[in-house]
Amino acid sequence: MQGFVLYRGPSEIDGQPIVCIATGLMTGGSNKKTGAMVQVYILRADMNPLKAVHTGNDHAICGTCPHRGRIITDPKTGERRNVERSCYVTLMHGPRVVYDGFQRGIYPDVTPGKARKLLAGRHVRLGSYGDPAAVPMSVWEASLDRVNELSGYTHMWRKYPLMSAFCMASCDSEADREEAKALGFRTFRVRGKDDPKLKGE
């Protein structure tokens, strides 16, 4: 088994249909930055990731992330498209490939208990694409307590402070960092090219 569906159902963010898929069980994933880790993708269940981004329907899986960009409508054609997207995830790579596999039915659904066994002792990256806060907390609690190493980030840390058990807070300012740390999160902060690192970063 290369991967499996860990969750499919309504997004915790806005109730739209999403799917959470763990991949790389046989290979440990192919992400050069993270090394061999199981990669967990959170996607719209009902549309290609590129379409979701260009229509604004990625809100269900990305929430309030400021790196989503903004949607404009072409006055001549009426076509909607995303501009100013600064997310580092390349949609044509992992998200599109995983979504295509999901459409072909290559990922079986498993219970959180079965996922717990499959992920035991592994290095797991939550949110290779998508915010882990979109998935019910009960899914993470039931499936991740035996992993060897866990990596993950959430921009939804203000609304879902209990995600500090599984994710670092994605912060975009020093003020964000201080607020997130007060809520119990470890933090990752996006900084300008010439901005200094803060103590502990």
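Since we're looking at a predicted model, the values are computed, not measured. Within each chain, residues carry numbers counting from 1 in the order of the written sequence. Local features are withheld for residues below a pLDDT of 70 in this predicted model, meaning they are given only at 70 or higher, and side-chain atom pairs are given and counted only at 80 or more; totals for whole chains, interfaces and linings count all residues. To obtain the side-chain values, all non-hydrogen atoms of the structure were used and water was disregarded.

Colleague: Just checking my understanding: could you explain the overall build of the protein for this structure?
Modeller: A count of helical and extended segments in the protein gives six helices and nine strands. Our radius of gyration looks at C-alpha atoms and nothing else; its globule reference is 2.2 Å times the residue count to the power 0.38. The globule rule puts the C-alpha radius of gyration for 201 residues at 17 Å, and the 17 Å found for the protein is close to it. Along the three orthogonal principal directions, the C-alpha set of the protein runs to about 50 × 45 × 30 Å. Buried means the residue's accessible area, taken with a 1.4 Å probe over protein chains only, is under 20% of the maximum for its type, while exposed means over 50%, and partly exposed covers the values in between. Looking at the protein as a whole, 46% of its 201 residues are labelled buried. Counting only contacts in the protein whose residues sit at least 6 apart along the sequence, the fraction spanning at least 24 positions is 56%. To measure how exposed things are, a 1.4 Å probe is used in the Shrake-Rupley method; for residues, cover is taken only from the protein chains shown. With the model as given, the accessible surface of the protein reaches about 10500 Å², and the carbon-plus-sulfur share is 51%. Each helix corresponds to a stretch of at least 4 residues labelled H or I by DSSP, and each strand to a stretch of at least 2 residues labelled E; elements are numbered beginning at the N terminus. In this analysis, two residues are considered to be in contact whenever any of their non-hydrogen atoms come within 4.5 Å of each other.

Colleague: For this particular structure, what's the right way to read the nonpolar core?
Modeller: Side chains that are nonpolar tend, in soluble globular proteins, to be buried together. Counting 51 residues, the largest nonpolar core has Phe-4, Tyr-129 and Trp-140 as the members making the most contacts within it. Sequence-distant contacts of Trp-140, defined by excluding residues within four places in its chain, comprise Leu-6, Cys-20, Val-40, Leu-126, Pro-132, Val-135, Met-163 and Phe-166. Think of a nonpolar core as a cluster: buried Ala, Val, Leu, Ile, Met, Phe, Trp, Tyr and Cys residues, connected wherever their side-chain atoms sit within 4.5 Å.

Colleague: Sorry if this is basic, but what is going on with the layout of surface pockets here?
Modeller: Over the atoms, a rolling probe the size of a water molecule traces out where space has been left empty. In this structure, the second largest pocket spans a volume of roughly 190 Å³. Of the two site types, the cavity is a set of points on a 1 Å grid over the protein atoms alone where a 1.4 Å probe fits but cannot get out, and the pocket is an open set with protein on both sides within 12 Å along at least five of seven lines, each lined by residues with an atom within 4 Å of a point. Lining the second largest pocket, in full, are Arg-177, Lys-181, Thr-187, Phe-188, Arg-189, Arg-191, Lys-197, Gly-200 and Glu-201. If you list the elements that add at least two residues to the lining of the second largest pocket, you get α6 (174–182) and β9 (187–189). Here the lining of the second largest pocket takes three residues from β9, the largest share from any one element. Lys, Arg, Asp and Glu make up the charged group, whereas Ala, Val, Leu, Ile, Met, Phe, Trp, Tyr, Cys and Pro make up the nonpolar group; the residues left over, Gly among them, are polar. Looking at the lining of the second largest pocket residue by residue, the classes come out as one nonpolar, two polar and six charged. Grid points are joined across faces, edges and corners, and a volume is the space filled by probe spheres set on the points.

Colleague: Mind showing me how you'd approach the environment of Ser-173 here?
Modeller: If you trace the backbone, Ser-173 turns up in the loop between β8 (168–171) and α6. Residue class for Ser-173 comes out partly exposed when judged on its relative accessible area of 28%. The spacing of Ser-173 and Val-5 is 168 residues in sequence and 35 Å in space, taken between C-alpha atoms. By the criterion applied in these results, polar contacts are pairs of N or O atoms within 3.5 Å in which, for protein atoms, one can donate a hydrogen and the other can accept it, and in which residues neighboring in sequence qualify only through two side-chain atoms. From its side chain, Ser-173 meets the backbone nitrogen of Asp-176 in a polar contact 3.0 Å long.

Colleague: I tried to follow the sheet that holds strand β6 (residues 123–129) on my own but got confused; where do I start?
Modeller: Pairing between the strands of a sheet comes from backbone hydrogen bonds, and it takes one of two forms, parallel or antiparallel. With mixed pairing, seven strands are arranged side by side in an open sheet as β1-β2-β3-β6-β7-β8-β9. Both outer strands of the open sheet, β1 (3–10) and β9, are each paired with one neighbouring strand and no more. This sheet shows a mean twist of 20° between the axes of neighbouring strands, independent of strand direction. Any two strands are treated as partners once DSSP identifies two or more bridges connecting them. Bridge count for strand β3 (residues 38–44) against β6 is four bridges, and the pairing is parallel. Each residue of the ladder has a partner; that of Val-38, found in β6, is Val-124. In this description, a line fitted to the C-alpha atoms serves as the axis of each element, helices being fitted only across the stretch in contact, and the angle between N-to-C directions of two axes falls anywhere from 0 to 180 degrees. Seen against the sheet, helix α3 (residues 94–104) touches β1, β2 (17–23), β3 and β6 and runs at an angle of roughly 75° to β3.

Colleague: Would you mind going over a nonpolar patch on the surface with me for this structure?
Modeller: Residues Tyr-153, Phe-188 and Val-190 make up a contiguous nonpolar surface patch of about 260 Å² in total accessible area. Here Phe-188 is to be found in strand β9. A relative accessible area of 45% means that Phe-188 is categorised as partly exposed. Like charges are joined within 9 Å and nonpolar side chains (Val, Leu, Ile, Met, Phe, Trp, Tyr) within 5 Å, but only among residues with over 30% relative accessible area and no salt bridge; these make up the patches. Should a side-chain nitrogen of Lys or Arg be within 4 Å of a carboxyl oxygen of Asp or Glu, the pair is scored as a salt bridge.

Colleague: What is the right way to look at empty space enclosed by the protein in this model?
Modeller: Applying the stated criterion across every chain yields a total of one cavity of 30 Å³ or more. Residue lining of the largest cavity: Leu-43, Arg-44, Met-47, Asn-48, Pro-49, Ala-52, Asp-58, Ile-61, Tyr-99 and Tyr-129, and that is the complete set. Elements with a minimum of two residues in the lining of the largest cavity: β3 and α1 (49–55). Tallied by class, the residues present in the lining of the largest cavity amount to seven nonpolar, one polar and two charged.

Colleague: Could you clarify how one ought to interpret the packing of aromatic side chains in this entry?
Modeller: Given two aromatic rings, one states the distance between the centres and the angle between the planes to describe the pair. Think of it this way: a Phe, Tyr or Trp ring, Trp meaning its six-membered ring, pairs with another when their centres are within 6.5 Å, and the plane angle makes it stacked under 30 degrees, edge-to-face over 60, tilted otherwise. By the definition in use, this model includes two aromatic pairs. Measuring from centroid to centroid gives 6.3 Å for Tyr-99 and Phe-102, while their planes differ by 50°, and the two rings are tilted. Of this pair, Tyr-99 and Phe-102 are both found in helix α3, three residues apart, which corresponds to roughly one turn of the helix. A single burial state applies to Tyr-99 and to Phe-102, both of which are buried. Look at Tyr-153 and Phe-188: their rings are 5.6 Å apart centre to centre, the planes differ by 65°, and that puts the pair in the edge-to-face class. Within this pair, whereas Tyr-153 is found in strand β7 (residues 149–154), its partner Phe-188 is found in strand β9, the two being separated by 35 residues in sequence.

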